[in-house]
Amino acid sequence: MKRIQIILAVSSLLFTFSVAQLIRKEALELKYSLLWLFSGLGLAFLAVNPQTLQALADLFGVVDRLNMLFLAGNIFLIAIVFSLTIALSRASRRIRSLTQETALLKIELERLSGKPPCNVSRNDMG
Amino acid sequence: MSKILVAIPAYNEEESVATVIEQARQVLPGADILVVNDGSTDRTGETAREKQAMVLDLVNNLGIGGALQTAYKFAWRNGYDVVVQIDGDGQHCPGDIPAMLKALEDKECDIVIGARFIGGEGGYKSTSLRRIGIRYFSLLIRVLIGVQIYDPTSGFRACGRAAIERFACNYPADYAAVESIVDCLRCGLRLCEVPVRMAGRNSGVSSIGRGRAVYYMVKVSLAVLFNWVKATKWSKTMSRGRLSYEKNTNNFGG
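My aim in this report is to walk through the structure given alongside it, one point at a time.

Along its length, chain A carries five helices and zero strands. Beginning at the N terminus, the succession of helices and strands in chain A can be written as α-α-α-α-α. Taking 14 Å as the expected radius of gyration for a compact globule of 126 residues, we find that chain A reaches 26 Å, considerably beyond that expectation. Each of the 126 residues in chain A was classed as buried or not, and the buried ones make up 25%. Accessible surface, chain A: about 8,900 Å² in total, of which carbon and sulfur atoms supply 71%. Here chain A contributes 14 positively and 8 negatively charged side chains, and the mean placements of these two sets differ by 6 Å.

Residues and elements named next belong to chain B. For the structure on display, the rule yields one disulfide over all chains. Across the disulfide, Cys-109 is cross-linked to Cys-192 (sulfur-sulfur distance 2.3 Å). Taking the torsion about the sulfur-sulfur bond, which here is approximately 140°, the covalent link between Cys-109 and Cys-192 counts as right-handed. Taken together, the positions of Cys-109 in the loop between α4 (97–106) and β5 (111–115) and Cys-192 in strand β7 (residues 191–195) put the pair 83 residues apart, joining distant regions of the chain. Residue class for Cys-109 comes out buried when judged on its relative accessible area of 11%. Cys-192 gets classed as buried once you look at its relative accessible area, which sits at 11%. A disulfide-free cysteine, Cys-93 has its sulfur positioned 19 Å from the sulfur of Cys-159, the nearest such atom. Taking the relative accessible area as the measure of exposure, Cys-93 reaches 26% and is therefore partly exposed. Cys-159 takes part in no disulfide bond, and the closest cysteine sulfur, belonging to Cys-184, lies 7.0 Å away.

This part takes up the environment of B:Pro94. Residue and element names in this part refer to chain B. Secondary-structure assignment places Pro-94 in the loop between β4 (82–85) and α4. Judged by relative accessible area, Pro-94 falls into the buried class, the value being 1%. Along the primary structure Pro-94 and Leu-28 are separated by 66 residues, whereas in three dimensions their C-alpha atoms are 8.8 Å apart. Contacts of Pro-94, omitting those with residues within four sequence positions, involve Val-20, Gln-23, Ala-24, Val-27 and Ile-86.

All names here are of chain B. Across the interface, helix α3 (residues 63–77) lies against helix α6 (residues 161–169) with an axial gap of 8 Å and an inter-helix angle of 125°. One finds that α3 runs oblique with respect to α6. Where α3 crosses over α6, the two elements pack in a sense that is left-handed. Contacts from Gln-69, Tyr-72, Lys-73, Ala-75 and Trp-76 in α3 reach Arg-161, Ile-164, Glu-165, Phe-167, Ala-168 and Cys-169 in α6. Grouping the amino acids of the contact of α3 with α6 by side-chain chemistry returns seven nonpolar, one polar and three charged.

Residue and element names in this part refer to chain B. Strand order in the open sheet formed by seven strands is β3-β2-β1-β4-β6-β5-β7, and the pairing between neighbours is mixed. Across the chains shown, the open sheet's two edge strands, defined by having one partner strand only, are β3 (54–57) and β7. Strand after strand, the sheet turns through a mean of 20° between neighbouring axes, direction not considered. In terms of strand pairing, β4 meets strand β6 (residues 157–159) through three bridges, oriented antiparallel. Bridge pairing in β6 links Val-83 to Cys-159. The strands that α3 touches are β1 (4–10), β2 (32–37), β3, β4 and β6; relative to β1, the one it contacts most, it runs at about 160°. Across the sheet, α4 is in contact with β1, β4, β5, β6 and β7; its angle to β5 comes to roughly 145°.

Turning next to the side chain of B:Ser154. All names here are of chain B. Along the chain, the position of Ser-154 falls in the loop between α5 (128–145) and β6. In this structure Ser-154 comes out as buried when scored by relative accessible area, which is 0%. A polar side-chain atom of Ser-154 sits 3.1 Å from the main-chain amide nitrogen of Phe-156. Excluding its chain neighbours within four sequence positions, the residues that come into contact with Ser-154 are Ile-113, Gly-114, Arg-116, Ala-177 and Met-198.

Below, the discussion takes up a nonpolar patch on the surface. All names here are of chain B. A cluster of nonpolar residues, Val-214, Val-218, Leu-222, Leu-225, Phe-226, Trp-228 and Val-229, forms a patch on the protein surface that exposes about 670 Å² of accessible area. Tracing the backbone through its elements, the reader meets Leu-222 in helix α8 (residues 213–228). Judged by its relative accessible area of 44%, Leu-222 is partly exposed.

What counts as what
Residues numbered from 1 in each chain as written. Chains lettered and ligands numbered in written order. Predicted model: local features only at pLDDT ≥ 70, side-chain atom pairs only at ≥ 80, totals over all residues. Heavy atoms only, no water. Helix = DSSP H or I, 4+ residues; strand = E, 2+ residues; numbered from the N terminus. Rg over C-alpha atoms; globule rule 2.2 N^0.38 Å. Buried < 20%, exposed > 50% of the residue type's maximum accessible area, 1.4 Å probe, protein only. Areas by Shrake-Rupley, 256 points an atom, 1.4 Å probe, with all protein chains shown as cover. Lys, Arg positive; Asp, Glu negative; His and termini not counted. Charge placed at Lys NZ, Arg CZ, Asp CG, Glu CD. Disulfide = S-S within 2.5 Å. Contact = heavy atoms within 4.5 Å. Axes fitted to C-alpha atoms, helices over the stretch in contact; angles between N-to-C directions. Parallel < 35°, antiparallel > 145°, perpendicular 65-115°, else oblique. Left-handed = near helix turned anticlockwise from the far one by under 90°. Nonpolar A, V, L, I, M, F, W, Y, C, P; charged D, E, K, R; others polar. Pairing = 2+ DSSP bridges. Polar contact = N/O pair within 3.5 Å; in protein donor to acceptor, adjacent residues only side chain to side chain. Patch = residues over 30% accessible without salt bridge, like charges linked within 9 Å, V, L, I, M, F, W, Y side chains within 5 Å. Salt bridge = Lys/Arg side-chain N within 4 Å of Asp/Glu carboxyl O.

Structure below.
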């Protein structure tokens, strides 16, 4: 086994471990970090078994197996960014409805607490 | 008599919002006035409170669509029959509201749009780019849905109960004016237009910068197209809306 293989395998495993650690500390949510976990394990696997990469390259008709690695990396990154965009859209929709609810609750509270913030409440009291 | 809510979305409009509130109250003494303060950093909220308007303070800036939807949710839960939405920057003239309300009743429309071109009244001078934009969106709607709307970009509208319900459940978030028209037409709501006067802006800056206008047009077109093919069906949203927006018993109105 070449030195670079060992370095790659060890660092990928370290990366996977740190992701797991972050999930354990609840700094990362499991559902957003699954892709990262799998990628760490996948990289470690490829480092130990470079012939898998060669097989993949042959399968896709890629001449240089290094290019196969870049291609796979790119596809993976796009997948991650895309899943983040989906998560972001959902989060912004939730923030919007939360903001609206707080505003509606605030005005209701103002009214119930008897402060006359508006002409209507004054009419109610009169 | 129907309960009317005048909804004024305002983002950093402290100079003009007071005038709009005063004029609206003069024109419609019986109506409630609600300012949606869209996370302003100036004294918009305080000014509106000093003028005895109700104020919905949004903690985040949601943009025009999110702000307006808050007003529609408020109106729906508090049992208003009509919502008049009018910009806080003073470009719409509250004096035109009665004509719009009359059209809402007489023409049996769900939404009345205050349009700046039909009737030739007004003397509104817009930039040529804006005119092109309005023409373009008008054409887009006619091609997609086959209905002629002369001024789809107008934010001066009066909405009846059905439209309030629709908007409370579902309001286009980002590019509100044009997209909401497409949405309403697809839902089978009836729209009509009434000519109104429109002034130039008293103060503040339009949400659409001149340089970004073309980019905006492309974005809105895409939004409209996607709304056109959107999966959510009207009936589904309606029933969901009925469940979650039960009419509030303690009404704000007198």
